[in-house]
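As a plain string of letters, each chain reads:
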Amino acid sequence: VKDYRGINPEFGNLTDFKNLVKKAHQNGMYVIIDWVANHTAWDNDMVFEHPDYYATDKDGNMISPFDWTDVVKLNYNNQEMRKQMISDMQYWLKEANIDGFRCDVAMEVPVDVWDEASAQLNKTKPVFMLMEAEQPNMMEKAFDMQYGWEFHHIMNDIYKGKKTVADIDTYMANRNTKYQKD
């Protein structure tokens, strides 16, 4: 993410995107956008204007999450950065009338951030929140749907002959004990 409110000019401009969303809605479709809340590109203006928005090592150097050296990790201990993130998400609801967000590596952002963001966003309009994660506690307030990473791996292992359909049954039974009924 170079600019949380920007559109890659290869794909058009804000007017083009608004028209796309409008046409999708006219056709009974919803539009969600990918939201990367854990990290930004090194050339994001916030790196220079708000270096305190970023996580640092013991020497004060900004750090990357995992081994992703092409991005820099955000610092969720900074309350102003949290407010800015929610404001940037609100922008897309208000300016382009999108319907929700697919949240990248959602488990790397504190749950209370997502809970607050979801509550604030839903005051503007009902939003759909999909997390690229599968932690049950994140489904309590913030998210409507999750990725099924474990299921994905079970399916791959079935294909490889390492697991059977019985493993799907076990997985599904376990889902019913981990998550709220709704």
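What counts as what
- Residues numbered from 1 in each chain as written.
- Predicted model: local features only at pLDDT ≥ 70, side-chain atom pairs only at ≥ 80, totals over all residues.
- Heavy atoms only, no water.
- Axes fitted to C-alpha atoms, helices over the stretch in contact; angles between N-to-C directions.
- Helix = DSSP H or I, 4+ residues; strand = E, 2+ residues; numbered from the N terminus.
- Parallel < 35°, antiparallel > 145°, perpendicular 65-115°, else oblique.
- Contact = heavy atoms within 4.5 Å.
- Nonpolar A, V, L, I, M, F, W, Y, C, P; charged D, E, K, R; others polar.
- Core = buried A, V, L, I, M, F, W, Y, C linked by side-chain atoms within 4.5 Å.
- Buried < 20%, exposed > 50% of the residue type's maximum accessible area, 1.4 Å probe, protein only.
- Pairing = 2+ DSSP bridges.
- Polar contact = N/O pair within 3.5 Å; in protein donor to acceptor, adjacent residues only side chain to side chain.
- Left-handed = near helix turned anticlockwise from the far one by under 90°.
- Salt bridge = Lys/Arg side-chain N within 4 Å of Asp/Glu carboxyl O.

A. Quick look at the packing of helix α1 (residues 14-26) against helix α3 (residues 79-96). Look at α1 against α3: their axes get within 10 Å of each other, and the N-to-C directions meet at 70°. Comparing the axis directions of α1 and α3 gives the class roughly perpendicular. Across the interface between the two elements, L14, F17, K18 and V21 of α1 pack against Y91, W92, E95 and A96 of α3. Its residues assigned to classes, the contact of α1 with α3 shows six nonpolar, no polar and two charged.

B. Quick peek at the nonpolar core. If you look at the biggest cluster of nonpolar residues, it comprises 41 residues, and the most contacted ones within it are W35, L74, I98, F101, W114, M129 and F143. Those elements giving two or more residues to this core turn out to be α1, β1 (32-36), α2 (45-49), α3, β4 (100-104), α4 (111-124) and β5 (128-131). The element best represented in this core is α3, accounting for eight residues.

C. Representation of the sheet that holds β1. On the basis of which strands lie adjacent, the open sheet formed by four strands has the order β1-β4-β5-β6 and parallel pairing. Every other strand in the sheet has two partners, leaving β1 and β6 (145-146) as the edge strands with one partner each. Sheet topology note: the β5/β6 ladder contains two bridges and is parallel. Of the residues in β6, the one forming a bridge with L130 is M145. Sitting on the sheet, α4 is in contact with β1, β4 and β5, with an inclination near 160° to β5.

D. Here's a closer look at the side chain of Q90. Relative to the elements of secondary structure, Q90 occurs in helix α3. Residue Q90 is classed as buried on the basis of its relative accessible area of 11%. Engagement of the side chain of Q90 in a polar contact is seen with the side chain of T124, the distance being 2.5 Å. In contact with Q90, not counting residues within four places along its chain, are Q120, L121 and T124.

E. Looking closely at the packing of α3 against α4. In contact at an axis separation of 10 Å, α3 and α4 are set at 35° when each is read in the N-to-C sense. Seen from above, α3 lies across α4 with right-handed handedness. The segment α3 lies against α4, with R82, I86, M89, Q90, L93 and K94 engaging D112, V113, W114, E116, A117, Q120, L121 and T124. Classifying every residue of the contact of α3 with α4 by side-chain character gives seven nonpolar, three polar and four charged.

F. Quick peek at the pattern of salt bridges. Per the stated rule, a full pass over the model turns up 13 salt bridges. The residue K2 makes a salt bridge to D43 at a minimum N-O spacing of 4.0 Å. Highlighted residues: K2 in the segment before α1 and D43 in the loop between β2 (39-41) and α2, separated in sequence by 41 residues. Residue classification places K2 among the exposed positions, given a relative accessible area of 53%.

G. Structural view of unusual backbone geometry. Phi is positive for F66, which is not a glycine, with a value near 50°. As for its position among the elements, F66 is in the loop between α2 and β3 (71-73). Although it is not a glycine, V105 sits at a positive phi angle of roughly 30°. Inspection of the secondary structure puts V105 in the loop between β4 and α4. The class for V105 is buried, based on a relative accessible area of 8%.

H. Here's a closer look at the pairing of β4. Of all five residues in β4, five are buried; the element is thus mostly enclosed. Side chains G100, R102 and D104 project from β4 onto one buried face, and the interleaved F101 and C103 project onto a second face that is buried too. Judged from the five bridges that link them, β1 and β4 form a sheet pairing that is parallel. Bridging from a neighbouring strand, W35 pairs with C103 of β4.

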